[in-house]
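The chain contents come next:
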Amino acid sequence: MTAQATVPDAEAAPSPESAQALHSAWQATAPESFDDGGVTHATAPALLGAVENLEDAGSALSLSLEPSLSQSASVGADTEALPGEEEPQVITESEVPLLELGPDGEPLIDAEDSASDDAIAQATDGGSAVVAVGSDPNAPGSTVEPPVVGSDSQDPATAPITGTDGDEDVIAEAPLMDADAGMEPYAIPYAPDAGSLRVRRSIAVRSEPRQDSPPLGTVAQDMRVRWKGAMRGPDCETWVEIEPRGWVCERYLEQNFREPRVRPLPRLEEGALTPGIYARVVGRRVRAYPSLALARKKRQGVLLKGSVTVKLLGQVKVGRRTFWRTSDGQYFEARVLREHRPSDFSGLDAEALASLPMPFAWAQSRAAPRTDVVVRKAPDARAERETVLPPRTLVSVRELSPDGQWVRIAEDHWVARDDLHVAWSLASPSIVEPGARWLDVDLEAQTLIAYEGDRPVYATLISSGKPGTDTPEGLFRIWVKFAEADMTGTMGSASYRVATVPWTMFFEGDFALHTAYWHDRFGEPVSHGCINLAPKDARALYGWTTPEVPTGWSMAHATPEDPGTWVRIRGQAHEAPKKRRKGTAVVATVRDL
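The numbers attached to residues start from 1 for each chain and follow its sequence in the written order. For a predicted model such as this one, the threshold for reporting local features is a pLDDT of at least 70, and the threshold for listing and counting side-chain atom pairs is 80 or more; totals across whole chains, interfaces and linings nevertheless cover every residue. Side-chain numbers here rest on the full set of heavy atoms in the structure, without hydrogens or water.

Caption draft 1: Geometry of the overall build of the protein chain. Broken down by element type, the protein chain carries six helices and 39 strands. Partly exposed residues are those whose accessible area sits between 20% and 50% of the maximum for their type, while under 20% is buried and over 50% is exposed, using a 1.4 Å probe and protein chains only. When each of the 593 residues of the protein chain is scored for burial, the buried share is 55%. Long-range pairs, those at least 24 residues apart, make up 72% of the contacts in the protein chain with a sequence separation of at least 6. The accessible surface values rely on the Shrake-Rupley method and a 1.4 Å probe; as for residues, cover is taken only from the protein chains in view. Surface summary for the protein chain: the accessible area is close to 25100 Å², and the carbon and sulfur share equals 49%. Only DSSP runs of H or I covering at least 4 residues are called helices, and only runs of E covering at least 2 are called strands; the numbering of each starts at the N terminus. Any two residues whose heavy atoms approach within 4.5 Å are treated as being in contact.

Given below as structure tokens:
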């Protein structure tokens, strides 16, 4: 957890009654809310239906209006930045692993190191799982189109599957059982001393041993899992029940004499903030190449369109030239990439919260978030300055001035209301089961608090939708979680593609809580509707919320047995008055950032 300064205060913590009275006074003096309008969005059942239609539900959800590649337009230096984006930095080459070249002149990629990337990139026949949201830019209402799986018209049962050694293993067509033949226990045809079953490719795990049963999630390629039993059934000669739950067709498994091995996804190196290095493509008429040989010759490159962010897998040096390989197998010249530096900000865990009086606040100006916050000796802008606080200093909230514009944080220490992001401890909604986990998001304060019952166990700053692309208010449940999700769409007339956003939790249609590795503006409403989190916070909440994502799985659906965590979103985000441009509409058709 990042060290955060606090203002000492010898006063006792306020009683629950006084804290409640303070909250009531705060609400009574809140600035009048406004309605900027917004954009309608896809609903959870619609998006869920698109994912369920895939044989392999996909390891990454891609929210897409139109392809970001293979377009005639080119990337330009004047393309619109991502919401809240910081200026990308020149990449430090020492931070990216150097890839060794094989006999064919192409980089050697370790199968284990790339397994999670393959899991994200591959769908049933090597494509990406794509959900098209709002395909008509003039119609904000969303339409969902499931991707075409197996576009080469090859039968999935006989399609070649690439193993970790790079060889294609052709799976013989399995005779399908008649639907009315029923299902029966079946002896597993594996050697008695087989230690595990290797997952041949990223594949959907079904709730029951049949293809049309609801998916539970996706187990990633090359994981070695245990099994419980097997059943004959329709759509597959043998359905295998794997641990910890669910069924997978035997054709996607192979016996392995090594012990089971599953790894958390996304894979994170020790001490790293994110599972990889991310970079934005800059310059005009930039091309992505499918191989190193073609990149060196500058042949058969795909001209990129719009704003493109990629995840870097490694670098290759050829003479004086440096090329980067991305997680989806593309190659770029180093000169066209600039690195995103993710924020190391983090919230407060249960132990830290136990030592703080509630309510407390982060001191951070809304008008100038990166400047120090002025503390005065009295609740008056003309009062003598007492001190200044660095942004995101933690302070107590003791008293509200009669006009509601100043907050006393210690004896003779007053801070302007707009310079504080207050975390209030509130009771759980009546629909939440006693003691259950739930999230409370305060859009006005730009804070998130995680609760177990009425006990806060985590608190942090967020970035929600800016006015005009608002985050929806209401009570929702997380319905699907992805270890990494590609996000694509449009901002006005410009398109964008953001690679592999880690720790993504969808709570309402295409609205999600997710990492924002491209900015450090937490506490400011800058997104297109989603709730942006710093990497440490997103990772912590991804593991804490439900549905649980088993180790080795790249995504998981909520089910009646494992329902998603409740998410309450309230209030309304607002920008500092001097920043707002009245009468200027903010156009957005996708709320995935």
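So, next bit.
Caption draft 2: Summary view of the sheet that holds strand S25 (residues 393-396). An order of S25-S22-S29 is seen for the three strands of this open sheet, with the pairing classed as antiparallel. Looking at which strands have only one partner, the edges of the open sheet turn out to be S25 and strand S29 (420-423). Sheet twist, expressed as the mean angle between neighbouring strand axes with direction ignored, is 30 degrees. At least two bridges found by DSSP between two strands are what make those strands a pair. Across four bridges, strand S22 (residues 360-363) lies against S25 in antiparallel orientation. In the sheet register, Trp-362 faces S25, and the bridge partner there is Leu-394. Comment: axis = line fitted to C-alpha atoms, over the contacting stretch for helices; angle = value between 0 and 180 degrees taken between N-to-C directions.

Caption draft 3: Summary view of the nonpolar core. If you look at the biggest cluster of nonpolar residues, it comprises 48 residues, and the most contacted ones within it are Phe-507, Leu-513 and Leu-541. With near-sequence residues (within four places) excluded, Leu-513 lies in contact with Leu-439, Leu-448, Trp-503, Thr-504, Met-505, Phe-507, Ile-531, Leu-533 and Val-567. Ala-361, Ala-363, Leu-420 and Tyr-496 belong to the second largest nonpolar core, which has 45 residues in total. Buried Ala, Val, Leu, Ile, Met, Phe, Trp, Tyr and Cys residues form a nonpolar core when they are joined through side-chain atoms within 4.5 Å.

Caption draft 4: Structural view of helix H1 (residues 16-28). In this model, H1 (13 residues) spans 18 Å end to end at C-alpha, consistent with the 18 Å of a helix rising 1.5 Å per residue. Three or more residues of H1 are buried, namely Ala-19, Leu-22, His-23 and Trp-26. What you see down the axis of H1 is that its buried residues fit within an arc of 100 degrees, all on one side. Exposed positions of H1 whose direction lies more than 90 degrees from the buried face are Glu-17, Gln-20 and Ala-28. Where H1 is buried, its residues contact strand S26 (399-400), strand S27 (406-410) and S29. Given a helix with a known number of residues, its expected span is that number minus one, times 1.5 Å. By arc we mean the arc of the directions from the helix axis to the C-beta atoms, nothing more.

Caption draft 5: Inspection of the state of the cysteines at higher detail. A pair of cysteine sulfur atoms is labelled a disulfide when the two atoms are within 2.5 Å. Tallied over the entire structure, the rule returns one disulfide. Sulfur-sulfur distance for the disulfide between Cys-236 and Cys-249 comes to 2.0 Å. The disulfide joining Cys-236 to Cys-249 has a torsion of about 85 degrees about its S-S bond and is therefore right-handed. Of this pair, Cys-236 sits in strand S11 (residues 236-242) while Cys-249 sits in strand S12 (residues 247-249), placing them 13 residues apart in sequence. Given the relative accessible area of 1%, Cys-236 is considered buried. Classification of Cys-249 by relative accessible area gives buried; the value is 4%.

Caption draft 6: Up close: the side chain of Asn-532. Along the chain, Asn-532 falls in strand S37 (residues 531-533). At 2.9 Å, the side chain of Asn-532 forms a polar contact with the side chain of His-519. In the analysis that follows, any N or O atom pair within 3.5 Å is treated as a polar contact, provided that within protein one partner can donate a hydrogen and the other can accept it, and provided that, for residues neighboring in sequence, both atoms belong to side chains.

Caption draft 7: Fine view of the sheet that holds strand S39 (residues 566-570). The sheet built from six strands is open, its strands ordered S21-S32-S31-S30-S39-S33 with mixed pairing. Every interior strand has two partners, whereas the edge strands, strand S21 (348-349) and strand S33 (474-477), have only one. Examined bridge by bridge, strand S30 (residues 437-442) and S39 share five bridges and lie parallel to one another. Paired with Asp-442 across the two strands is Arg-570, which belongs to S39. Packed on one face of the sheet, helix H6 (residues 535-544) meets S30, strand S31 (447-452) and strand S32 (455-461) and runs near 150 degrees to S32.

Caption draft 8: Broad picture of the pattern of salt bridges. Salt bridges, as used here, are contacts in which a Lys or Arg side-chain nitrogen is within 4 Å of a carboxyl oxygen on Asp or Glu. Using the criterion set out here, one finds 26 salt bridges in the structure. When the shortest N-O distance is used, the salt bridge between Asp-222 and Arg-198 registers 2.5 Å. Taken together, the residues Asp-222 in the loop between strand S8 (215-219) and strand S9 (224-225) and Arg-198 in strand S6 (residues 196-199) connect sequence positions 24 residues apart. Each of the two residues, Asp-222 as well as Arg-198, counts as buried. Put simply, Arg-382 and Asp-380 hold a salt bridge, and the shortest N to O gap is 3.3 Å. The class of Arg-382 is exposed, set by a relative accessible area of 77%.

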